[in-house]
Every structure is written in structure tokens, then in C-alpha cells.
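Coordinate analysis (summary)
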Amino acid sequence: ITPEQKLERVEIADSGWGAVAMIGDHIYYAQGQFPKDFIGKFSGALAFIYILEATAQLLALIAFGDILDEFVISFCDNTAVESCLHKGDGSDSAVNSLASQYWALSCVCNKQPAFARVSSAANCSDGVSRGDLTMPEKYGWIRLHLPANTWKTIYSMDVSIPSTGLKAALSIQK
């Protein structure tokens, strides 16, 4: 498969991201599509899905950061991403940079995350990530949106310099 074919297949699938947070008696969700140029940037990478899954974890922290308690349990249905975020690094430089952003933002937001594995079938954000809003609409979940500068900040990150995570985290919080 060429990178162009891979990108075409991904565009057809409309790669989305989704996150769900339960805080007290309320359930919040956030979801959206990965911009096509973001997908294009990584479509040829062997770690393509890994990059999208790691980005989704970062986006969840950005979307819910202001309302989450200090101690956060983040469920992930991708073992490699769970391991990378838990350890802070993995085998792909782009994912390592995303992990750097995640941990930097956690510090800026005063969050202490822990990660746990969940199967895709049991992951309540899986449907949301695919644009299926049946559960949020049926149960009255509250939708949150990303800050306007989120994608600009993620694009500006230099994946070869892990410390850009702190700079990016600080600019998202402004």
C-alpha cells in the first residue's frame, strides 16, 4: 500500500476521535474529526493508528482539563499507546512527542493520570469517536469542545524535540 492509498482509505473511514468523562453525576463527551492535513502528515507512518490513538488521549485531556479532578484514570483500548503514555516514551518519535505534550499538559493542569486497558467493545468513547452520538443523546451527556487554538498548537509541535510539549501545553491553556 502506498502512502496515497493509505490516506485515501483513512479519508474514506473519516478518522474521528472521541472521549467521555464521568465527573460526579454528570457525563461529558467531546468528539471530532482529525483534520485531513493532520492525517496526511502521518498516513505513511508505520505507527499511524498509534499516533491517532495517542493524539486522542491528548485531545481528551485538553477538552476535559478544566473540569477533571486532580486524579484521573484514562482508559485506552490500544495497548501500545497505553504503555507509551504510562512510561512516557515508545518506539516512534512522533508518538513520543505527543506523550511529552500529554505529560506537560498534565503538569500544567495539575493532573495525575493513570492508565488502564479497556477493550474496544467496552470503550464508551468508541462509538463517539465514530460519530455515533446515540448514547450521548439518549442519556443527556454534556458536549464540550476543544479550544480554538488546539490544532494550530499541535501542528506547531516539532516532533524531533520532546520538550516542545511544555510549550504547546502552555499555549493551549492561554
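Summarised in this report is the structure supplied together with it. Here the structure is a predicted model, which means the values were calculated and not measured.

Further remarks concern the overall build of the chain. Scanning the chain from N- to C-terminus turns up nine helices and five strands. When the elements of the chain are put in sequence order from the N terminus, they spell out α-β-β-α-α-β-α-α-β-α-α-β-α-α. When each of the 174 residues of the chain is scored for burial, the buried share is 46%. In the chain, the share of contacts with a sequence separation of at least 24, taken over all contacts with a separation of at least 6, comes to 73%. In the structure as shown, the chain presents an accessible area of about 9,300 Å², 55% of it carried by carbon and sulfur atoms.

Strands pair in a sheet through their backbones, by hydrogen bonds, and they do so in one of two ways: parallel or antiparallel. Overall, mixed pairing links the three strands, which are arranged β1-β2-β5 in an open sheet. Across the chains shown, the open sheet's two edge strands, defined by having one partner strand only, are β1 (16–23) and β5 (142–143). Two strands pair when backbone bridges link them, and strand β2 (residues 26–33) and β5 are joined in this way by two bridges, in the parallel orientation. Residue pairing for β5: Tyr29 is matched across the bridge by Arg143.

Below, the discussion takes up the packing of helix α3 (residues 48–64) against helix α5 (residues 93–108). Their axes nearest at 9 Å, the elements α3 and α5 cross at an angle of 15°. Classified by the interaxial angle, the pair formed by α3 and α5 is roughly parallel. In this structure, the crossing between α3 and α5 has a hand that is left-handed. Between α3 and α5, the residues in contact are Tyr50, Ile51, Ala54, Thr55, Gln57, Leu58, Leu61 and Ile62 and Ala94, Val95, Leu98, Gln101, Tyr102, Leu105 and Ser106, respectively. By residue class, the composition of the contact of α3 with α5 is 11 nonpolar, four polar and no charged.

Now for the side chain of Thr55. Inspection of the secondary structure assignment puts Thr55 in helix α3. The exposure class assigned to Thr55 is buried, which follows from its relative accessible area of 0%. When sequence neighbours within four positions are dropped, the list of residues in contact with Thr55 reads Phe34, Phe38, Leu98 and Trp151.

Evaluation of the coordinates by the stated rule reveals zero disulfides. Left without a disulfide partner, Cys84 is nearest to the cysteine sulfur of Cys76, which lies 10.0 Å away. Residue Cys84 is classed as buried on the basis of its relative accessible area, which comes to 2%.

Looking now at the packing of helix α4 (residues 79–87) against α5. Relative to each other, α4 and α5 sit at 55°, their axes nearing to 9 Å. The orientation of α4 relative to α5 falls into the category oblique. Taken as a pair, α4 and α5 cross one another with a handedness that is right-handed. Packed against α4, whose contacting residues are Cys84, Leu85 and His86, the element α5 presents Val95, Asn96, Ala99, Tyr102 and Trp103 at the interface. Residues of the contact of α4 with α5, tallied by class, amount to six nonpolar, two polar and no charged.

What counts, and at which threshold
- Residue positions are given per chain, counted from 1 along the sequence in the order it is written.
- Only residues with pLDDT of 70 or above have their local features reported here, since the model is predicted, and side-chain atom pairs are shown and tallied only from 80 upward, although totals for entire chains, interfaces and linings are computed over all residues.
- Processing note: side-chain calculations cover all non-hydrogen atoms of the structure and skip hydrogens and water entirely.
- Helix and strand assignments follow DSSP, with helices taken as H or I runs no shorter than four residues and strands as E runs no shorter than two, numbered in order from the N terminus.
- Buried, partly exposed and exposed residues are distinguished by accessible area as a fraction of the type maximum, computed with a 1.4 Å probe on protein chains only: under 20%, between the cut-offs, and over 50%, respectively.
- A contact between two residues is defined here by any heavy atoms of the two lying within 4.5 Å.
- Each accessible area is a Shrake-Rupley estimate made with a 1.4 Å probe; only the visible protein chains count as cover when residues are assessed.
- Pairs of strands are assigned from DSSP output, requiring at least two bridges between the strands.
- What counts as an axis is a line fitted to C-alpha atoms, over the stretch in contact for a helix, and the angles between N-to-C directions run from 0 to 180 degrees.
- Here roughly perpendicular refers to angles of 65 to 115 degrees, roughly parallel to angles under 35, roughly antiparallel to angles over 145, and oblique to all remaining angles.
- Left-handed describes a crossing whose near helix is turned anticlockwise from the far helix by less than a right angle; the clockwise case is right-handed.
- Polar here means any residue other than Ala, Val, Leu, Ile, Met, Phe, Trp, Tyr, Cys and Pro, which are nonpolar, and Asp, Glu, Lys and Arg, which are charged; Gly is therefore polar.
- The term disulfide is used for any two cysteine sulfur atoms that are within 2.5 Å.

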